[in-house]
Amino acid sequence: MLTNYLKIAWRSLHKQRGFAFINIVGLAVGLGCCLLITLYVLDELSYDRYNTKADRIYRVHSDIKFGGNDMRFAVSPDPLGPTLKKDYPQVEQFVRLHQRGTWLVKRSGETMNLREDNITFADSTLFDVFTLPLVAGDPRRALAEPNTVVISESAATRHFGNQNPMGQTLVFGNAKTYRVSGVMRDMPHNSHVHSDFFVTMLNDDYPWGQWLSNNHHTYILLKPGQDAAALAKHFDTVIDKYVGPQAQQLIGTSMDQFRKAGNRMTYWLMPLTDIHLHSKQQIELAPNGDIQYVYIFSAVALFILLIACINFMNLATARSANRAREVGVRKVMGSERTQLIGQFMTESVLTTVLAMLLAIGLVAAALPAFNTLAAKDMSLQQLITPYYLPVLVALPLVVGLLAGSYPAFFLSAFQPITVLKGRINATGKSVGLRSGLVIFQFAMSVILIVGTIIVYRQITYIQTKNVGFNRDQLLTIRDVYSLGQQSEALKQDILRLPGVISGSISGFLPTPSDRNDSGFFAEGQSTVNKGVNMQHWGVDFDYVRTMGMQVIKGRDFSRSFGSDSSAMLLNETAVKILGFSDPIGKRVWRFDDAEGKTRKVYTVIGVVKNFHFESLRRNIGALSLVMDKSTGSATFRLSSANLPALLKQIETKWKELAPGQPFSYQFMDDSFDEMYRAEQRVGTIALTFAALAILIACLGLFGLAAFMAEQRTKEIGVRKVLGASVPSLIGLLSKDFLKLVLIAIVIASPLAWYAMHRWLADFAYRIDIEWWMFALAGILAIGIALLTVSFQSIKAALMNPVKSLRSE
């Protein structure tokens, strides 16, 4: 029986090749999109799950409200991990990670450095907590001794080629030497931690024991069966016992007084596998994903698949008149309804199986481009696993049965006497269903169009917003610290080049990657009420002018004032939090040592207009600028019509002073845009899938219009004989579809507004959702529908009425 069903199904598809092509291509594109998005979602959900103890690993976060600042950190105090292991038996182990930025690294005895971005200090317990297999070395001893480092296989290849790196020496920053004590496999791409070098924490030159400083990413491994929530209930006790005494010693404030003043300090645990998609904390090890995008793309995959299935149902029911006589003859010949249902369901499943095969081919072809677009490293093999392969096999069967269920039951219900007399017409029920499905298709398409418009408008707003300083033509040369005393000579040499306006040397730039938090207090006022945790940047005399920042009160740093070594510029946010009505001449201080015995006092000489130094997802925080010799990078403002030639001259100056150092640079606007690469990728992916969803909907609409025109052939012929014009006939055939699209726009608009309002809520600085965005989406949907339907409408309207009325 099944063999017979398959033969008849194949003959039917071959006979109706146009119908089969539209159905198979539409389903293939829908299934292909669904598979691509499934790969993306699975990859996002897989982060950190490669760790064999992932279900027992948690990261300790710090949430602090102090001095008008509400800070939510992914880091915690350095003593917290050891203390939790010592005081609470639930904790099996801990490990701290301290990321120290970019270093120049070279093999001992070599002259040429390589710039390495992923360098992290770690406790020797790293391999007890995380699953990081070593291909060489003992994980229990690899980081247990001073001056040791564990490197990845990629780093070993870069620095040692085919030689054995074990026991060899690497030089960091032209000064610090570390012996290679282990080689680990490259970290998986689906890890929130990315590091090629783990340096022993024994060499981290950090003032240990600071309960009031939050600088370490602390992970704890709970013993099997222990409850994280139960452990977290003890964190207030930890704060009172350990943080309180240091607070009392440093600022003369007990934790009770601290809390009564409206401040807050809490620790909490986040499961390791939640970090990538759910953490919105500050000071992350790397940019995270967002669970919202997983939800959004999952919904898009479902919508696209539904749109493709709806095409099938619409086209199958629309061509019911064409197959009515076939059903009548079969029933007269003795076929039962169950057999007819089986026949039509077989046709449906065969169509989806063919579509799935085509979809897999499309995915294989599109996956490299999609990986580039999504910044992923996915392969089809992720779906061909014992866990997902049954789903992959079952998907076309389920889609085929669901998509073919209504047409099968609808067609098999025809009465043989009625259809053989030629009295079959589309019933109101079937027409109503088709109309509802078309409305659903275009409502989903309109939502995707509106979403794409708003995402791109927000990205454009971010890229063009006045950030408070002039980031155009700002060139930053990195790793200037490697020049030592020659850094100032480099600055002066480059300033003499035509096309260079000004230059500054500083370790801090207005980007989220550069942070130096410190607590400051207004002199002579209560430290509880007049304290602020703010960014504290060391700059030179030319920093403000080079960056194009505005001093709105007081003055900038000047070489004419010897006292500027203890002067400070504040931004507007810092002035507001400190409560200064007239900040010029006011004094602020911070502790100058770990024990709180000495203070560093600064005099405010000017106020800088607020500028964005963090993502536009956050409000502008407090910031202070002071004079300091910080030589992380050199920034130059350029004015040249021939930038490539100027860059070549600058590189020549660099190589003259640093022959063994790589020349690494970046323009400030590129650095700023990197903050929003995730949003840009999401916008491009959304646009791509919105276009594909519309394409699938249009394929169905095209086929539906063709069948509707075919069913009304004689009506059109009669109308033409009676004098109807071609434009009026085109309008007649198109208006029914346009009504459905208009209804879809009305339904989709509030849903799209709600979804995008939720998305924009993550940005402190965002666009307004305006009426024209919905109008534009509606016009696009109507235009696309008209173009799709008009071809069939024009074709039908131009048909010779003699041919259509010949059989009457």
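Everything in this summary refers to the structure shown in the same document. Computed from a predicted structure; not experimentally measured.

Calculation notes
- Residues numbered from 1 in each chain as written.
- Predicted model: local features only at pLDDT ≥ 70, side-chain atom pairs only at ≥ 80, totals over all residues.
- Heavy atoms only, no water.
- Buried < 20%, exposed > 50% of the residue type's maximum accessible area, 1.4 Å probe, protein only.
- Helix = DSSP H or I, 4+ residues; strand = E, 2+ residues; numbered from the N terminus.
- Arc of directions from axis to C-beta.
- Contact = heavy atoms within 4.5 Å.
- Core = buried A, V, L, I, M, F, W, Y, C linked by side-chain atoms within 4.5 Å.
- Pairing = 2+ DSSP bridges.
- Axes fitted to C-alpha atoms, helices over the stretch in contact; angles between N-to-C directions.
- Phe/Tyr/Trp six-rings, centres within 6.5 Å; stacked < 30°, edge-to-face > 60°.

### Topic: helix 5 (residues 153-160)
And then number 1: The complete set of buried residues in helix 5 reads Ala155, Ala156, His159 and Phe160. When helix 5 is viewed along its axis, its buried side chains cluster within an angular range of 100° and face the same direction.
And then number 2: Tucked into the core, helix 5 has its buried residues touching strand 4 (103-107), strand 5 (114-116), strand 8 (148-152), strand 9 (169-172), strand 10 (176-184) and strand 11 (197-200).
And then number 3: Looking one or two residues beyond helix 5, the residue adopting positive phi is glycine 161, at roughly 60°.

### Notes on the nonpolar core
And then number 1: Trp537, Leu625 and Phe689 are the most contacted members of the largest nonpolar core, which has 109 residues in total.
And then number 2: Among the elements that line this core, the one with the most residues is helix 15 (residues 428-464), at 15 residues.
And then number 3: Sequence-distant contacts of phenylalanine 689, defined by excluding residues within four places in its chain, comprise Cys33, Leu36, Ile37, Val300, Ile304, Phe370 and Leu448.
And then number 4: In terms of nonpolar packing, the next biggest core, distinct from the first, is built from 33 residues, Ile64, Leu80, Phe258 and Met265 among them.

### Some remarks on unusual backbone geometry
And then number 1: Although it is not a glycine, aspartate 48 adopts a positive phi angle of roughly 70°.
And then number 2: Note on placement: aspartate 48 falls in the loop between helix 2 (17-45) and strand 1 (57-66).
And then number 3: Positioned with a positive phi, alanine 375 is a non-glycine residue whose angle comes to about 55°.
And then number 4: Tracing the backbone through its elements, the reader meets alanine 375 in the loop between helix 12 (337-374) and helix 13 (389-412).

### Description of the sheet that holds strand 15 (residues 500-506)
And then number 1: One open sheet holds the 4 strands; their spatial order is 15-23-14-24, and the pairing between them is antiparallel. The two strands at the open ends of the sheet, each matched to only one other strand, are strand 15 and strand 24 (665-667). Geometrically, the sheet is characterised by an average inter-axis angle of 20° between neighbouring strands, direction not taken into account.
And then number 2: Along the sheet, helix 16 (residues 487-495) makes contact with strand 14 (474-478), strand 15 and strand 23 (633-638), crossing strand 15 at roughly 170°.
And then number 3: Strand contacts of helix 19 (residues 643-657): strand 14, strand 15, strand 23 and strand 24, with the helix running at about 30° to strand 14, the strand carrying the most contacts.

### Here's the deal with helix 16
Since the α-helix advances by 3.6 residues per turn, residues separated by three or four positions end up pointing in the same direction.
And then number 1: Burial in helix 16 covers these residues: Ser487, Leu490, Lys491, Asp493 and Ile494. Take helix 16 and look down its axis: the buried residues cluster within an arc of 165°, on one side only.
And then number 2: Against strand 14, strand 15, strand 23 and helix 19 lie the buried residues of helix 16.

### Structural notes on the packing of aromatic side chains
And then number 1: Under the definition given, this model contains 19 aromatic pairs.
And then number 2: With a centroid separation of 5.1 Å and an interplanar angle of 15°, the aromatic rings of tryptophan 211 and tyrosine 242 are classed as stacked. In this pair, tryptophan 211 is assigned in the loop between strand 11 and strand 12 (217-222) and tyrosine 242 in helix 7 (residues 235-251), connecting sequence segments 31 residues apart.
And then number 3: A residue is classified by how much of its surface remains accessible, and tryptophan 211, at 7% relative accessible area, is buried.
And then number 4: Seen in terms of ring centroids, phenylalanine 235 and tyrosine 267 are 6.3 Å apart; in terms of plane orientation they differ by 80°. Their pairing is edge-to-face. Of this pair, phenylalanine 235 sits in helix 7 while tyrosine 267 is found in strand 13 (residues 264-271), placing the two residues 32 residues apart along the sequence.
And then number 5: Here a set of aromatic residues connected by ring pairs shows up, and it is made of Trp103, Phe121, Phe172, Tyr178 and Phe197.

### Let's talk about the environment of proline 77
And then number 1: Among the structural elements, proline 77 can be located in the loop between strand 2 (69-73) and helix 3 (80-87).
And then number 2: Judged by its relative accessible area of 0%, proline 77 is buried.
And then number 3: Separated by 140 residues in the primary sequence, proline 77 and histidine 217 place their C-alpha atoms 8.6 Å from one another.
And then number 4: Beyond its immediate sequence surroundings of up to four residues, proline 77 is in contact with Ser62, Gln210, Trp211, Ser213, Asn214, Thr218 and Tyr267.

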